[in-house]
Amino acid sequence: MGTMRSTWLALALVLMGLQSACSGRGAEGRGPDSDGDGVSDAEDCAGGSARFWQPLPAYRDTDGDGVGTGPQETLCTDGTLPDGWAAGAGDCDDADFTRWRRVEGLYPDLDDDGATGAGPVTACVGNSLSGYHEAPGPPDCDDAAPRFQQSTQSWLDADRDGVGSGAGVSYCLGSHPPPGYAALDGDCAPDDSTRSVPLPYLYRDRDGDGATVPESGTLCAALLPIGYTTLESGLDCDDTDRTRWALRDTYVDTDGDGFGVGAHALRCMGATLDPGYAAQGEDCAPEDRTVWQWHSYSHRDHDGDGATVPESGVLCTAGTLPEGHHEWPLGHDCDDGNRDVRVSWSLYPDTDGDGVGSGAQETLCAGPQRPGGYSFVDTDCASTDATVWQLLSYLHRDVDGDSYTVPESGLLCSGAALPPGYLTASNGFDCDDADLTVYLRLQAWADTDADGVGAGPATMLCTDGTVRAPWSTTGTDCAAEDGARWQTRTYFHVDRDADGHTTPEKGQQCVGAALPAPYFTQATGNDCDDTAPDLFRWAVVYRDEDADGVGTPPRSISCLGQSLPAGFSFKGYDVDDADAAVQEDEDEDLLVELILSP
């Protein structure tokens, strides 16, 4: 422990010595120390104050960035410079603590947009080169606005029409051109604000008729004037005459019917043809204005009945074929010399007039309506009977007319429909189609005892829909010879002693409408002895020797009737069954009273 303390003491002395050497203090042997700060008055810059003792050279540091400026001054300090002073000089901007050193060869980027201004320059910066770059970036046309970098040209715009001319001046792309300048060059009329850009044209219309001729050039104008355009509108064959603009194929038309003759020739015309000329040639009668066009025909109607026969030729017409001449057939006239007949009919004789014929087909020339006594078809199965004319198939018969059918198929000469008794669809199945009163086959059983329920083997009967006596639709009679019984019923309880109380027992009985006594489906009580009518209930009883109405244990379970036998009681709390006057224990009653009392 002593060694450790000695070690710490030695270290403390060493440290004190180092501090004394660093602070310049230690006036031993150097003269008096009036303020007791460890520095002799001869070396103390403030001999009357223990707070200051060491003179230090310093420079003013207004912005507190650790670098001063201005002339050097000497301060009396406590070994450190106070705030607002610095040991070194050379601050290039003593009003900005972020800048204090000068760096050469920089390029300004004051708006920090990556584009640089003119350089290289010498700049005042701090730890970073904020606002400058060591290498040039893209040229910046306005280093005070980050959204403008690239410069472009503008031109003097004296007439303020947005298009300039002459020498250009540069400005920042994206900003407005300088006042009085425009971003577009090429004003074809610098002193006229209504005209600025030469407008090209490709077509002219000198006569103003709406048809153009190709001609290209430019005009210094705001809009192309009338007669100059960039869009073609036809091809004017005479741009000096507004009444003529189109070249048309024409033919000489002597008779003025709109159709000419001879070789066609091109003429410059307007909306209408010149007199004596036509747009169509081939006038079939050049001297007759009532006809002019050849028309071919392929069919004639000599009798004028509206039906034609094949006949071809060519006529000089007024645009349409005359009556009786046709390009297309209108039917086929079987007699074009008789206007009363024109249709050829292929028909069959209809002797009985039912609309259906028979026999060999005949060809007749008649009017537009089918001749009477004839038909289009030859399928009459009875040519002398007008009530029947067609073979109809049937699949079922109803001979007795009871509306129930039997299967039978065939063909029958009929009228519009099959006669009664012949059908195409079934209706049931008649078990006897010769008897109108029966039609339905039903299964039945013989009912010998006439109780409505049969027995024995089943028999199929032909009926009118109802099974009648001595037959039944059911065959479950359990007593075929006894009309009072016919069904088997299950019982679950019996009362053989007829005392009105049942005992459980299950079995079956052949009965009539209901189970007879002593058989029941529902219990009535619980008979303890079904052989004795005076005994029917189980009861817990106690022996009562003194006949005071209260017995005493032990209890027993007995089969009783309506009354309790003598010598027994339903109560079992007699404390002295030999004394009829005593039934209850007073001490016990007192205990009960104490327990139950509030």
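Values in this document were obtained by computation on a predicted structure and should not be read as measured data.

Draft legend 1. Focus on the overall build of the protein. Looking only at helices and strands, one finds two helices and 34 strands in the protein. Taken across its 598 residues, the protein has 31% of its residues classed as buried. Sequence separation of 24 or more characterises 47% of the internal contacts of the protein that already satisfy a separation of 6 or more. Only carbon and sulfur atoms are counted for the fraction: they give 55% of the accessible area of the protein, which is about 36200 Å².

Draft legend 2. Quick peek at the confidence of the model for the protein. Of the residues in the protein, 90% reach a pLDDT of 70 or more, and the chain-wide mean stands at 86. Residue range residues 1-29 is modelled with pLDDT below 50. Its contacts to residues more than four positions away, or to other chains, number 16 contacts.

Draft legend 3. Spotlight on the side chain of histidine 325. Take histidine 325: it is sitting in strand S19 (residues 325-326). In this structure histidine 325 comes out as buried when scored by relative accessible area, which is 14%. For histidine 325, the side chain forms a polar contact with the main-chain oxygen of glutamate 323, separated by 3.2 Å. Sequence-distant contacts of histidine 325, defined by excluding residues within four places in its chain, comprise Tyr297, His299, Arg300 and Leu315.

Draft legend 4. Looking closely at the state of the cysteines. All told, the structure shown has ten disulfides when counted by the stated rule. Between cysteine 334 and cysteine 365 runs a disulfide, and the two sulfur atoms are separated by 1.9 Å. Between cysteine 334 and cysteine 365 the disulfide shows an S-S torsion of about 80 degrees. By sign, it is right-handed. Of the two residues, cysteine 334 sits in the loop between S19 and strand S20 (343-349) while cysteine 365 sits in strand S21 (residues 362-366), which places them 31 residues apart along the sequence.

Draft legend 5. Quick look at the sheet that holds strand S34 (residues 568-569). With respect to topology, three strands assemble into an open sheet ordered S33-S32-S34, the strand pairing being antiparallel. Edge positions in the sheet fall to strand S33 (552-560) and S34, since each of these pairs with one other strand and no more. Relative to S33, strand S32 (residues 537-543) is paired through seven bridges, and the arrangement is antiparallel. Looking across to S33, one finds that arginine 543 is bridged to threonine 552.

Draft legend 6. How the structure looks around the packing of aromatic side chains. All chains considered together, the criterion is met by six aromatic pairs. Ring centres of phenylalanine 259 and tryptophan 292 lie 5.7 Å apart, and the angle between their planes is 20 degrees; on these two criteria the pair is classed as stacked. Pair noted here: phenylalanine 259 is in the loop between strand S14 (246-252) and strand S15 (261-269) and tryptophan 292 is in the loop between strand S16 (277-278) and strand S17 (293-300), with a separation of 33 residues, a long-range link. Classification of tryptophan 292 as buried rests on a relative accessible area of 17%. Here the aromatic rings of tyrosine 394 and tyrosine 422 are separated by 4.8 Å at their centres, their planes lie at 75 degrees, and the arrangement is edge-to-face. Of this pair, tyrosine 394 sits in strand S23 (residues 390-397) while tyrosine 422 sits in strand S25 (residues 422-423); the two residues are 28 residues apart in sequence, bridging distant segments of the chain. One residue, arginine 204, lies across the ring of tyrosine 228, its end atom 3.9 Å from the ring centre. Lying over the aromatic face of phenylalanine 568, arginine 543 brings its terminal NZ or CZ to 4.7 Å of the ring centre.

Draft legend 7. Molecular detail of the side chain of aspartate 35. Tracing the backbone through its elements, the reader meets aspartate 35 in the loop between helix H1 (2-23) and strand S1 (54-60). Here serine 49 takes part through its backbone nitrogen, which lies 3.4 Å from a polar atom of the side chain of aspartate 35. In this view, aspartate 35 contacts Asp41, Asp44, Ala46, Gly47, Gly48, Ser49, Ala50 and Phe52; residues no more than four positions away in its chain are not counted.

Draft legend 8. Looking closely at the sheet that holds strand S3 (residues 85-86). Strand order in this open sheet of three strands is S2-S1-S3, and the pairing throughout is antiparallel. Strand pairing shows two members of the sheet lacking a second neighbour, strand S2 (69-77) and S3, which therefore form its edges.

Draft legend 9. Summary view of the pattern of salt bridges. Following the criterion strictly, the structure yields 14 salt bridges and no others. In this structure, glutamate 215 and arginine 206 form a salt bridge, with 2.5 Å as the shortest nitrogen-oxygen distance. In this structure, aspartate 274 and arginine 244 form a salt bridge, with 3.2 Å as the shortest nitrogen-oxygen distance. Of this pair, aspartate 274 sits in the loop between S15 and S16 while arginine 244 sits in the loop between strand S13 (228-229) and S14, placing them 30 residues apart in sequence. Each member of the salt-bridge network shares a partner with another, and the members are Arg204, Arg206, Glu215 and Asp239.

Draft legend 10. Region of the structure containing the environment of valine 438. By the element assignment, valine 438 lies in the loop between S25 and strand S26 (440-446). Accessibility expressed as a relative area gives 15% for valine 438, which makes it buried. Other than its neighbours up to four places away in sequence, valine 438 contacts Asp400, Asp402, Asp430, Asp432, Cys462, Thr463 and Asp464.

Draft legend 11. Representation of a nonpolar patch on the surface. Side chains of Trp538, Val540 and Ile557 sit close together on the surface and give an oily, nonpolar patch of about 330 Å² of accessible area. Structurally, isoleucine 557 is set in strand S33.

Draft legend 12. Unusual backbone geometry, seen in detail. Of note, the amide linkage connecting alanine 469 to proline 470 takes the cis form, showing an omega dihedral of 10 degrees. Assignment of secondary structure puts proline 470 in the loop between strand S27 (455-463) and strand S28 (471-472). Residue proline 553 is joined to proline 554 through a cis peptide bond whose omega torsion reads 5 degrees. Mapped onto the elements, proline 554 comes out in strand S33. For serine 403, which is not glycine, the phi torsion reads 75 degrees and is therefore positive. In this model, alanine 547 sits at a positive phi of 55 degrees, which is unusual for a non-glycine residue. By the secondary structure assignment, alanine 547 is in the loop between S32 and S33. Since its relative accessible area comes to 65%, alanine 547 is described here as exposed.

Draft legend 13. Broad picture of the pairing of S32. Looking at chain direction, S32 and S34 are connected through two bridges and run antiparallel. Note on S34: the bridge partner recorded for tyrosine 542 is serine 569.

Draft legend 14. Representation of the environment of proline 214 within the structure. In this fold, proline 214 is placed in strand S12 (residues 213-220). Sequence separation between proline 214 and leucine 202 is twelve residues; the distance between their C-alpha atoms is 6.2 Å. Apart from the residues within four sequence positions on either side, proline 214 is in contact with Leu202, Tyr203 and Leu235.

Criteria and cut-off values
- All residue numbers refer to position in the chain's written sequence, counted from 1.
- Per-residue local features are limited, in this predicted model, to residues with pLDDT of at least 70; the limit for side-chain atom pairs, both in listing and counting, is 80 or more; totals at the level of whole chains, interfaces and linings are taken over all residues.
- For side-chain calculations, the full set of non-hydrogen atoms in the structure is used, while hydrogens and water are omitted.
- A run of H or I in DSSP becomes a helix once it reaches four residues, and a run of E becomes a strand once it reaches two; helices and strands are each numbered from the N terminus.
- Buried, partly exposed and exposed residues are distinguished by accessible area as a fraction of the type maximum, computed with a 1.4 Å probe on protein chains only: under 20%, between the cut-offs, and over 50%, respectively.
- In this description, contact between two residues means that some pair of their heavy atoms is separated by no more than 4.5 Å.
- For the area figures, the Shrake-Rupley method with a 1.4 Å probe applies, and any residue is considered shielded solely by the protein chains shown.
- Values of pLDDT, the confidence the predictor places in each residue, fall between 0 and 100.
- Two N or O atoms form a polar contact when they lie within 3.5 Å of each other; inside protein one atom must be a possible hydrogen donor and the other a possible acceptor, and for residues adjacent in sequence the pair counts only when both atoms belong to side chains.
- In plain terms, two cysteine sulfur atoms within 2.5 Å form what is called a disulfide here.
- A pair of strands is considered paired only if DSSP assigns at least 2 bridges between the two.
- Here a pair means two rings of Phe, Tyr or Trp (six-membered ring of Trp) with centres within 6.5 Å. Their orientation is stacked below 30 degrees between planes, edge-to-face above 60, and tilted elsewhere.
- Sitting over a ring, as applied to charges here, requires NZ of Lys or CZ of Arg to be within 6 Å of the ring centre and within 35 degrees of the ring normal.
- Any Lys or Arg side-chain nitrogen located within 4 Å of an Asp or Glu carboxyl oxygen qualifies as a salt bridge.
- Here, patches come from residues exposed beyond 30% relative accessible area and free of salt bridges, joined within 9 Å for like charges and within 5 Å for nonpolar side chains (Val, Leu, Ile, Met, Phe, Trp, Tyr).

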